[in-house]
Protein chains: 2
Amino acid sequence: MARTPAPDTRDRILGAAARLFYEHGVRAVGMNRIIQEAGTGKNLLYQHFPEKADLVAAYLAVARDVRDSAARLALVDARTPADTLVALVAEVAAKVAEPGFRGCAFRNYLAEFPDDADAAPTRVARDYLGASRAAIDAAAGEVDPSGELAERVWLLVDGLYSQAAYRNRLDGDVARAGAAAVRLVEALVR
Amino acid sequence: MARTPAPDTRDRILGAAARLFYEHGVRAVGMNRIIQEAGTGKNLLYQHFPEKADLVAAYLAVARDVRDSAARLALVDARTPADTLVALVAEVAAKVAEPGFRGCAFRNYLAEFPDDADAAPTRVARDYLGASRAAIDAAAGEVDPSGELAERVWLLVDGLYSQAAYRNRLDGDVARAGAAAVRLVEALVR
DNA sequence: ACCCTAGCGGACCGCCCGGTCCGCTTGCCC
DNA sequence: GGGCAAGCGGACCGGGCGGTCCGCTAGGGT
């Protein structure tokens, strides 16, 4: 026996990787940079994540859990389906207005990797988007069974995420879009 | 003197590059693959486009011209600002429903390259999105000077492009979103 | 206190990237 | 028709990628 392994190594690696992947894109960030930022060796990285794809999948899984928690928190006071839809859009609107927000991690990943449809990270992203979509469909279906409201709300959410990914580099006023989306969904559910 | 240069070389290269960049993403496509697909040599490629960034900028410039033509065509029958907004959204809705449509080339590029804000392709993409935005602002401003309508229409357009980029890999029914967007913008401008 | 092993940083490998350049080929000029 | 220079395909280069492995080091067991 010898040294006991550092217990937080995995978290340090995953934290550094998540920040870099989100900020610069997955392909733009090499493994060398990740271990440098995490202050560890490559051996440790590949011990926890055998391939880059595993690390990317773990990054997206963390992002999914964070999003799920935020969504649950935003919905604690929602009593009606209409409240639920407004709260969901308002939560996204608040997120996109935060400084440093660079769009939805899952949509960004799928845009960066249109191929390899069977890779682990792609599955995580697809599953998350499918589940989000199902949640909106369920709430909207109670207000408007035709499904038209669900499509509309989904368009607003996607529009917000899309603008967050690039509008900072245009006029930088994503908060305006967020406010407009909230007002519109409030009008739509009544 | 010797051989006369092939006149369509530049177009063949640019055509192959545009298709590959759009289909697989810019970073995923190497120069070797482009010359292979174009059936030419590297010398010719670098003669017309000294760096990869120049080729990417040219690809986006072509995409911009195509989009501008399509938008002009869609607007020939629009008599009022309200008509204009509906026609613009309908045009995008038709585009996203086409098979093989993989989202907006400019938004995809910016998602893939969040850094190097001063690179030539980034400028092309940013300028195009700024001009589109200005066009929508102008038309919407005549109906609703507060700017709220412009934000709403912009959200719908962005939502459509965003869904087109990934929804084919979910339920594949982007046409539904397109139809919903058109109906919503019709309701909004009245 | 000393050994011995597990922990670990970082050198290293093959591959493919963007970009350069060599030398075969082709067809115009006389 | 032959020579020769421009056209052109593809071999080549340095560098950085993802992934492997070597050898120093630290610290628990006796």
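Definitions and cut-offs
Residues numbered from 1 in each chain as written. Chains lettered and ligands numbered in written order. Predicted model: local features only at pLDDT ≥ 70, side-chain atom pairs only at ≥ 80, totals over all residues. Heavy atoms only, no water. Phe/Tyr/Trp six-rings, centres within 6.5 Å; stacked < 30°, edge-to-face > 60°. Helix = DSSP H or I, 4+ residues; strand = E, 2+ residues; numbered from the N terminus. Buried < 20%, exposed > 50% of the residue type's maximum accessible area, 1.4 Å probe, protein only. Lys NZ or Arg CZ within 6 Å of the ring centre and 35° of its normal. Least-squares fit on C-alpha atoms with pLDDT ≥ 70 in both. Contact = heavy atoms within 4.5 Å. Domains from an automatic or database assignment. Buried area = accessible area lost by both parts, 1.4 Å probe. Salt bridge = Lys/Arg side-chain N within 4 Å of Asp/Glu carboxyl O. Nonpolar A, V, L, I, M, F, W, Y, C, P; charged D, E, K, R; others polar. Polar contact = N/O pair within 3.5 Å; in protein donor to acceptor, adjacent residues only side chain to side chain.

One pass over the full model with this rule turns up 10 aromatic pairs over all chains. With 6.3 Å between their ring centres and 25° between their planes, A:Phe101 and A:Tyr161 make a pair best called stacked. Of this pair, A:Phe101 sits in the loop between helix 5 (81-97) and helix 6 (105-112) while A:Tyr161 sits in helix 8 (residues 148-166), and the two are 60 residues apart along the sequence. Across the pair, A:Tyr161 and A:Phe101 agree in class, each one buried. What links up through ring pairs into an aromatic cluster is the set A:Tyr22, A:Phe101 and A:Tyr161. Over the face of the ring belonging to A:Trp154 we find A:Arg107, whose NZ or CZ atom lies 5.7 Å from the ring centre. One residue, B:Arg102, lies across the ring of B:Tyr22, its end atom 5.8 Å from the ring centre.

Superposing chain B onto chain A takes a rotation of 180° plus a shift of 0.0 Å along the axis, which leaves an RMSD of 0.0 Å. Read as a symmetry element, the transformation amounts to a two-fold axis. Within chain B, B:Gly159 has its C-alpha nearest the rotation axis, a separation of 1.8 Å. Looking at chain B, 100% of its interface residues are interface residues in chain A too, so the copies touch through the same face.

Our next topic: the domain arrangement of chain A. Residue and element names in this part refer to chain A. On domain assignment, one finds that chain A holds domain 1 (1-50) and domain 2 (52-189). Each of domain 1 and domain 2 has a C-alpha centre, and these two points are 28 Å apart. Per-residue buried area on domain 1 facing domain 2 is highest for Tyr22, Val26 and Arg27; these three make up 45% of the total on that side. Across the contact surface, domain 1 and domain 2 share zero salt bridges. Of all the elements in the fold, those that place two or more residues in the side of domain 1 that touches domain 2 are helix 1 (9-24) and helix 2 (31-38). Broken down by element, the residue count for the side of domain 1 that touches domain 2 peaks at seven residues, all from helix 1. Per-class residue counts for the side of domain 1 that touches domain 2 are 14 nonpolar, one polar and two charged.

Let's shift gears to the side chain of A:Glu151. Mapped onto the elements, A:Glu151 comes out in helix 8. Looking at A:Glu151, the relative accessible area reads 1%, which means it is buried. The residues contacting A:Glu151, other than those within four sequence positions of it, are A:Arg133, B:Arg167, B:Arg176, B:Ala177 and B:Ala180.

This next bit is on the interface of chain B and chain A. Many authors give the size of an interface as the accessible area that is lost as the parts come together. Each partner contributes to the interface: chain B provides 42 residues, whereas chain A provides 42 residues. Interface area, chain B with chain A, both sides summed: about 3,800 Å², of which 56% is carbon and sulfur. Across the chain B-chain A interface, the total number found is four salt bridges. In this structure, A:Glu151 and B:Arg176 form a salt bridge, with 3.0 Å as the shortest nitrogen-oxygen distance. At the junction of chain B with chain A, the criterion picks out 13 residue pairs in polar contact (both at pLDDT 80 or more). Residue assignment for the side of chain B that touches chain A shows that the elements contributing at least two residues are helix 1 (9-24), helix 6 (105-112), helix 7 (120-143), helix 8 (148-166) and helix 9 (174-189) of chain B. It is helix 8 of chain B that provides the largest number of residues to the side of chain B that touches chain A, a total of 12 residues. Across the side of chain B that touches chain A, the residue classes tally to 17 nonpolar, nine polar and 16 charged.

Right, let's talk about the side chain of A:His24 for a bit. Structurally, A:His24 is set in helix 1. Here A:His24 falls in the buried class, since its relative accessible area comes to 13%. Side-chain polar atoms of A:His24 contact the side chain of B:Asp115, separated by 2.7 Å. Apart from residues lying up to four places away in sequence, A:His24 is in contact with A:Val29, A:Arg33, B:Pro114 and B:Asp115.

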